[in-house]
Amino acid sequence: MKPLLKNDVNQWGVISRIFHWFMALLVIGQLYIGFTMTALAASPAKYDLYKLHKSFGLIVLSLVGLRLLWRSLFPTPALPSQDILTRLSAPVLYLMMLIMPLSGIIMTLSAGYPIPLFNWLTIPAFIEKNFVTSKGAALIHNLCGTSFVALIGLHMGAACYHQWGRKNNLLRRMIKGQ
Ligand code: HEM
């Protein structure tokens, strides 16, 4: 089969595969930076990591929007099984990719802080300062961050099980298309 730009019912297109692996890298990096920066004592390095974390978070949010749009335009290859866990896997991961940046943005803005996008521009704290909203969003961000680590672990485990246990080439088709 020829590699395709778009998906079809048999294979993932190049654009979907780039989205998948690039966003996997970004999200895992975001989790790593998130846990590292919160554990650091106040210092310029901590401040720089917060800035990086917020900037990459905005990139994740923009990309997940584009990715969902792209995904909605074409068919996707069939799932390896119809059981509930397999069917829920992609929607739950997409939900997490939306909840994490959105809760981060709400937490930051409602605490009265602006959001930097690297050194290019800054989104000012344009909403009213609200301690309860900020704390609620922080709680969601922290709980979902920890759950996200577990979900990514399960997702990677399931992909390996399908590839080498069930030998159905599930992982290969996300690398090579089919
Ligand atoms: C995919 C996107 C994101 C992921 C995976 C992510 C993940 C995390 C994680 C794992 C933590 C550490 C939580 C803990 O210590 O329990 C964290 C903290 C934090 N994140 Fe994010 N985050 C994302 C996006 C964002 C965005 C867009 C913003 C703001 C614009 C943001 C702002 C923050 C802040 C301010 C903290 C520190 C919270 C505190 O000090 O308690 N995050 N993030």
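Note that the structure is predicted; figures quoted are calculated from it, not measured.

(A) Main features of the environment of A78. Take A78: it is sitting in the loop between α2 (44–73) and α3 (84–110). In the structure, A78 is positioned 67 residues away from Q11 in sequence and 8.9 Å away in space, judged by C-alpha atoms.

(B) Fine view of the environment of L25. Mapped onto the secondary structure, L25 falls in helix α1 (residues 14–39). Taking C-alpha positions, L25 is 24 Å from L139, a pair spaced 114 residues apart along the chain.

(C) Up close: the site of the ligand. Around the ligand, a shell composed of 24 residues is seen, among which G34, G57, G104, N142 and G145 lie nearest. Here the shell around the ligand takes seven residues from α3, the largest share from any one element. Here the shell around the ligand is composed, by residue class, of 13 nonpolar, ten polar and one charged.

(D) Here's a closer look at α2. If you check α2, its first and last C-alpha atoms are 44 Å apart, about what 30 residues at 1.5 Å a residue would give, namely 44 Å. Among the residues of α2, K54, G57, V60, V64 and R67 are the ones counted as buried. The inward-facing, buried residues of α2 abut α1, α3 and β1 (115–117).

(E) Examining α1 more closely. Look at α1: 38 Å from first C-alpha to last across 26 residues, which is about the 38 Å you get at 1.5 Å a residue. Among the residues of α1, those classed as buried are S16, V27, Q30 and G34. Looking at the buried positions of α1, the neighbouring elements they touch are α2, α3 and α4 (131–165).

(F) Region of the structure containing the nonpolar core. Core analysis: the biggest nonpolar cluster contains six residues, these being V27, V60, V64, M97, M100 and F148. Listed by contribution, the elements that provide at least two residues to this core are α2 and α3. If near-sequence neighbours (up to four positions away) are discounted, V64 is found in contact with Y94, M97 and L98.

(G) The arrangement of unusual backbone geometry in detail. Of note in this structure, K167 is not a glycine but carries a positive phi near 50°. Inspection of the secondary structure puts K167 in the loop between α4 and α5 (170–176). Although it is not a glycine, N169 sits at a positive phi angle of roughly 60°. Residue position: N169 is located in the loop between α4 and α5. A residue is classified by how many C-beta atoms lie within 10 Å of it, and N169, with 14 of them, is partly exposed.

What counts and what doesn't
Residues numbered from 1 in each chain as written. Predicted model: local features only at pLDDT ≥ 70, side-chain atom pairs only at ≥ 80, totals over all residues. Helix = DSSP H or I, 4+ residues; strand = E, 2+ residues; numbered from the N terminus. Near = placed C-beta within 6 Å. Nonpolar A, V, L, I, M, F, W, Y, C, P; charged D, E, K, R; others polar. Expected span 1.5 Å × (residues − 1). Buried ≥ 20, exposed ≤ 12 C-beta atoms within 10 Å, placed from the backbone. Contact = placed C-beta atoms within 7 Å. Core = buried A, V, L, I, M, F, W, Y, C linked by C-beta atoms within 7 Å.

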